[in-house]
Amino acid sequence: MKPDLSNIKVQQVPFLQNFRTTVDVLRLDLLHPVISGNKWFKLNRYIDDARAKNKTTLLTFGGAYSNHIVATAAAAAAQGFQSVGIIRGEEPQKYSPTLLQAAAYGMKLFFVNREAYRNKQVPPHVYDLVAEDEIYRIEEGGFGEKGAEGAAEILQLTHENYSHIITAVGTGTTAAGLLKAAAPEQKIIGISVMKNNLALQPQIESMVNQEKRQQLTLLHDYHFGGYAKKTSELIAFMNQFYEHTTIPTDFVYTGKLFFAVKDLLQKKYFPDGSRVLVIHSGGLQGNRSLSKGTLIF
Ligand SMILES: *Cc1c(COP(=O)(O)O)cnc(C)c1O
């Protein structure tokens with residue numbers, strides 16, 4: 001099943017706004033149950049490029065709960081490609097739900113140790129399975145120029161004049177895409193989900209024109225301990241947010257994002273009259289690592 005853009009909607013969220021500021025949420029999470037929001041947009045241009053180059057197989061990298069891995073597996077299956085996933089760490093005795101689902105989409109999984117993963121080495125036995133020249137390589141998280149060009153299309157889904165657009169940031173590819181598409185007076189705010197990932201700024205800047213760079217603000221105070229780390233305060237917030245809005249979030253990305261939005265509103269970060277668009281980037285795979293009952297959704 002292919003993702004259907006008409007599933008995406010803009011939702012007003014009274015829980016977040018106050019009399020000074022309106023807040024809308026762009027629900028990319030509604031796009032498809034597996035090919036989560038921003039990943040689909042980031043993958044599009046790579047898939048077009050792979051097709052143009054007559055490649056048969058998409059190869060990419062990720063962890064055992066990676067939204068990007070399962071999205072690539074599903075997108076490859078939907079578009080007539082084979083797929084290979086290079087997975088960080090030892091092959092587990094019991095596969096995570098994410099890996100099971102990727103395998104069900106036909107993705108061939110190869111497990112590599114952390115050092116090989118860090119260097120993004122493709123284990124040689126991959127080439128026993130597919131010839132090297134048939135492989136189209138996509139970087140971890142869809143990072144790169146083509147990913148950003150695809151992500152730029154996210155803003156075509158709204159026609160309102162938002163003053164601020166705010167998104168969770170992993171590799172920064174989505175934020176770079178939003179910057180590309182933003183009107184000159186719009187501000188893009190990125191909530192980094194990693195601790196002190198100061199390399200992000202130059203990474204994002206490398207994907208956009210000079211004059212766009214001043215429209216970007218990265219905030220580094222909402223990582224809750226680091227990538228895929230969480231606190232009971234974050235989990236409690238996600239449950240409270242769901243109760244008030246029926247919007248599910250994940251503890252790796254969008255839970256931290258919406259927490260940040262609430263906190264910034266309380267701190268009067270946005271000037272009076274601001275119209276804020278929050279990008280719900282989808283991706284609930286990480287929640288599958290939580291024990292049952294942690295979340296109420
Ligand atoms: C991957 C992901 C992100 C991060 O996107 P980048 O383009 O890598 O910054 C944000 N939110 C969700 C839900 C994701 O799955």
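Residues numbered from 1 in each chain as written. Predicted model: local features only at pLDDT ≥ 70, side-chain atom pairs only at ≥ 80, totals over all residues. Heavy atoms only, no water.

Pairing is mixed across the open sheet formed by six strands, whose spatial order is β1-β2-β10-β7-β8-β9. Two strands lie at the open edges of the sheet, namely β1 (10–12) and β9 (216–219), each paired on one side alone. Going from strand to strand, the sheet's axes swing by 25° on average, the running direction of each strand aside. Sheet topology note: the strand β7 (residues 164–169)/strand β8 (residues 187–192) ladder contains six bridges and is parallel. Bridge pairing links Ile166 to Ile189 in β8. Its contacts with the sheet place helix α7 (residues 173–181) against β7, β8, β9 and β10 (275–280), and it is angled at close to 160° to β7. The strands that helix α10 (residues 254–266) touches are β2 (22–27), β7, β8, β9 and β10; relative to β10, the one it contacts most, it runs at about 165°. (Pairing = 2+ DSSP bridges. Helix = DSSP H or I, 4+ residues; strand = E, 2+ residues; numbered from the N terminus. Axes fitted to C-alpha atoms, helices over the stretch in contact; angles between N-to-C directions. Contact = heavy atoms within 4.5 Å.)

Another aspect to go through is the nonpolar core. Grouped together as the largest cluster of nonpolar side chains are 42 residues, with contacts concentrated most on Leu58, Ile154, Ile165, Ile204 and Ile279. Among the secondary structure elements, those contributing two or more residues to this core are α1 (37–52), α2 (67–78), α6 (145–151), β7, α7, α8 (200–205), β9 and β10. With six residues, the single largest contributor to this core is α1. Setting aside chain neighbours within four positions, we find Leu58 in contact with Ile47, Ala50, Thr72, Ala76, Phe81, Gln82, Ser83, Val84, Tyr136 and Ile138. (Core = buried A, V, L, I, M, F, W, Y, C linked by side-chain atoms within 4.5 Å. Buried < 20%, exposed > 50% of the residue type's maximum accessible area, 1.4 Å probe, protein only.)

One can find Asp24 in strand β2. Buried and unpaired, Asp24 has Arg275 as its nearest opposite-charge partner, separated by 4.3 Å. At 2.6 Å, the side chain of Asp24 forms a polar contact with the side chain of Tyr162. With near-sequence residues (within four places) excluded, Asp24 lies in contact with Val10, Gln11, Gln12, Tyr162, Arg275, Val276, Leu277 and Val278. (Lys, Arg positive; Asp, Glu negative; His and termini not counted. Salt bridge = Lys/Arg side-chain N within 4 Å of Asp/Glu carboxyl O. Polar contact = N/O pair within 3.5 Å; in protein donor to acceptor, adjacent residues only side chain to side chain.)

What follows covers the packing of helix α9 (residues 232–245) against α10. Packing of α9 against α10 brings their axes to within 10 Å, and their N-to-C directions diverge by 80°. By the criterion of interaxial angle, the relationship of α9 to α10 is roughly perpendicular. Mapping the contact onto sequence places Glu233, Leu234, Phe237, Met238 and Phe241 in α9 and Gly255, Lys256, Phe258, Phe259 and Lys262 in α10. (Parallel < 35°, antiparallel > 145°, perpendicular 65-115°, else oblique.)

Take the sheet that holds strand β6 (residues 135–137) next. On the basis of which strands lie adjacent, the open sheet formed by four strands has the order β5-β4-β3-β6 and parallel pairing. Lying at the two open borders of the sheet, with one neighbouring strand each, are β5 (108–112) and β6. Each neighbouring strand pair of the sheet contributes to a mean axis angle of 25°, computed without reference to strand direction. As paired strands, strand β3 (residues 57–62) and β6 are joined by three bridges and run parallel to one another. Across the sheet, the residue bridging to Leu58 is Tyr136, located in β6. Those strands touched by α2 are β3 and β4 (82–88), and its axis lies near 170° from that of β3.

Moving on to the pattern of salt bridges. One pass over the full model with this rule turns up ten salt bridges. We note a salt bridge from Asp29 to Arg27, for which the minimum N-O separation is 2.8 Å. In this pair, the class of Asp29 matches that of Arg27, namely buried. A salt bridge links Glu160 to Arg275, with the nearest nitrogen and oxygen atoms 2.8 Å apart.

Okay, the pairing of β5 next. Taking burial as the measure, the five residues of β5 include four buried ones, the bulk of the element. In this structure, β4 lies alongside β5, joined through five bridges in parallel fashion. Each residue of the ladder has a partner; that of Val84, found in β5, is Lys108. Note that the unit made of β4, helix α3 (residues 97–104) and β5 has a crossover that is right-handed. (Right-handed = clockwise from strand over helix to strand, strands pointing away.)

Taken together, 14 residues sit near the ligand, with Lys39, Asn67, Thr171, Thr174 and Ser281 positioned nearest. About the coverage of the ligand: the protein hides 98% of its 390 Å² of free accessible area. Mapped onto the shell around the ligand, the elements with two or more residues apiece are α1 and α7. A per-element tally of the shell around the ligand places α1 first, with three residues. (Near = heavy atom within 4 Å. Areas by Shrake-Rupley, 256 points an atom, 1.4 Å probe, with all protein chains shown as cover.)

Another point: the pairing of β9. One ladder, built from four bridges, connects β8 with β9; its direction is parallel. Directly across from Ile189, in β9, lies its bridge partner Thr217. For the handedness criterion, the β-α-β arrangement of β8, α8 and β9 is classed as right-handed.

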